[in-house]
Structures are given as structure tokens and as C-alpha cells.
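# Remarks on the overall topology
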Amino acid sequence: MTAQIVTLFIVFIILIILFSSFVTVKQGTIAVVTVFGKYRRILTPGLNFKLPLIENIYSKISIQNRSVELEFQAVTFDQANVYFKAMLLYSVLDQQEETIKNVAFKFVDERNLMQALIRTVEGSIRAFVATKRQSEVLILRRDIVEHVKEQLDQILETWGYHLQDLQLNDITFDDVIMKSMSQVVASNNLKAAAENEGQALLITKTKAAEAEGNAIKISAEAERQASQLRGQGVALFREEVAKGMSVAAKEMQQANMDTSVILFTMWTESIKHFSENSNGNVIFLDGSPESMQKTMKEMMSLNLLQLDKVKK
């Protein structure tokens, strides 16, 4: 009976040793093996063999991307408080043995690593913001990220990590500063709107003035042409009247008739026209033979001048 118990105990020990000789490492994870507390080797994902009771799994390190959210405060060059909300994305630099050794042994535990990483990022951003004015911070997101990555890349590489990305999700100021910034933006928008409205009004007035000027020019040109045509019409009318009276006077002289009859007829026609179209005005006409004779001579002289122009 005692021999059977001893045999079962030995078999049990052998099974424990056998099962402890094989280690399964998950995908995306690297296992660090130590021997009596000293680094020995690393185990890659899959089923791995280790010496039982001698080799020990010190830690399992994830090589996947990891993220952490940050909230902290910085002070600008002009003493304005800036509040940041950021997301930090980092990962193990690579799967080389030296890198894994740094990740496994540089820090006591994960909590100390995170504390150092967060404080380093915050310090880098605070140092950068301290050289800028509060009005510049909002437009320097990309510059802040590039500055942090430039400062941290070498430090994190010595730890075995790599900064993948830093996203500044929110940048805010104290309420008083936010209100003042809103007022500045509102006043600038009002100023721009007033300038645009002024430009629009100026363009409208200018176009209206140009249109009015063009209309005046067109009207003046039309009036000039109309006056010219009216003058030409009156001149032609007078010319034809003079020609007709001259011909009638010559024919009456050849017939030994008194030419004053022509002027008398014109005089009576004028009186008739005045009476039909008069609006109550008083018009004085000289109907004496001397006046009619004088008018006849003037008409004859006009006709002679016209004949001379035609001959020339």
C-alpha cells in the first residue's frame, strides 16, 4: 500500500513537471524568461518549452498599441491658464531582444511606467506652451504634437517604447478668457460684415451713378440730334418758303401784278393761325404796305443767296 502511494506521488510530480515545461504565449505578447532572477531569453507567441523548476516566466509584455487619456493644465507666456485633454497612443518599439529587455526591466511595474510617460508628455507640452501667447495656442496643435514627439522619441526608445500619436482633443481657457475671445471674434465678424456691407453699398452707388451718367449722356446726345434735326427742318422749311415766295413774286412782276398780295395773304394766314392756336396772348402785327414790301425784299435777297450757293 505504501509503495502504491509513493508511486502515485512520483507520477503526480512527473506530471506537474511535464505540464510546467510547456508555456503558451498569446499572439501580440512576448514572454520574458529568467533563471534564478537573471534574464535568460524571450518566448515568442505559440507553444514554447522551458526548463521546469529552473526557468521562470518573469513577465509577459504586450507589443500591441496602447492608449491613455491625459488631462492637465499649462500656463502661457502671458500668464493665461490652458487646459488640455489629450489621447496618447504608444507601443513597444519592436520585438528585438534588447528592446524587450528594456521594457521588462527599466521600470518596477506598469504603474511607474505610465506615471513617467504621462509626466514626461505633460512637461514637454508645458515647456512649449510657456513660450507662446494664449492667442497662438489654438492654432498650434500640430506644432505642439511635433514638438512633443521630437522631444520624447529618444527618451522613449531608451525605455523600449515608441510614441505613435498624440491627439489634442480639447484646448480650453478660463471662462473669462473664453468670453473675451468670443467677444473679439464677434467684433471681428461685425467689422468684416460692416466692411462688406460698405463695399456692397459703394458698388451699388457707383453702378447707379454710372448708369445715371450714361443715361444723361444718351439723353443729351438724343436731344442734340433732335435739336439738330429740328434746326435742319426749320431751315429747309424757311428755304422752301423763300423759294416759293420768290417764284410767286417773279411771276406776279411778269404779269404786272402787285407783289404785296403775297405778303397780304401770308399776313391773313398768320392771323388765322394765331386765332386758332392762341391761348389769350396779345400779338401785334405790322400790316402796312411798307412792312410787307420790306419783308418781300428780304425774302428775295435770301433766294438770291441760295441761288449763288447752288451755282458755286
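Parameters and conventions
- Residues numbered from 1 in each chain as written.
- Predicted model: local features only at pLDDT ≥ 70, side-chain atom pairs only at ≥ 80, totals over all residues.
- Heavy atoms only, no water.
- Helix = DSSP H or I, 4+ residues; strand = E, 2+ residues; numbered from the N terminus.
- Buried < 20%, exposed > 50% of the residue type's maximum accessible area, 1.4 Å probe, protein only.
- Pairing = 2+ DSSP bridges.
- Axes fitted to C-alpha atoms, helices over the stretch in contact; angles between N-to-C directions.
- Contact = heavy atoms within 4.5 Å.

## With respect to unusual backbone geometry
- A positive phi angle, near 55°, is found at F36, a position not held by glycine.
- The residue F36 is located in the loop between strand 2 (29-35) and strand 3 (38-43) in this model.
- The class for F36 is exposed, based on a relative accessible area of 72%.
- Even without being glycine, L53 reaches a positive phi, approximately 70°.
- Structurally, L53 can be placed in the loop between strand 4 (46-49) and strand 5 (55-62).

## Here's the deal with the sheet that holds strand 8 (residues 161-173)
- With antiparallel pairing, three strands are arranged side by side in an open sheet as 6-7-8. The outermost strands of the open sheet, each flanked by one partner alone, are strand 6 (66-75) and strand 8. Strand after strand, the sheet turns through a mean of 25° between neighbouring axes, direction not considered.
- One ladder, built from eleven bridges, connects strand 7 (residues 81-92) with strand 8; its direction is antiparallel. Paired with V82 across the two strands is F173, which belongs to strand 8.
- Against the sheet, helix 3 (residues 110-129) engages strand 6, strand 7 and strand 8, with an angle of about 40° to strand 6.
- Contacting strand 7 and strand 8, helix 5 (residues 141-159) runs over the sheet at an angle of about 145° to strand 8.

## Quick look at the sheet that holds strand 2
- Overall, antiparallel pairing links the three strands, which are arranged 3-2-5 in an open sheet. Looking along the sheet, the strands with just one partner apiece sit at the ends: strand 3 and strand 5. With direction set aside, neighbouring strand axes in the sheet form an average angle of 30°.

Note that all results are geometric; they support no functional claim without further evidence.
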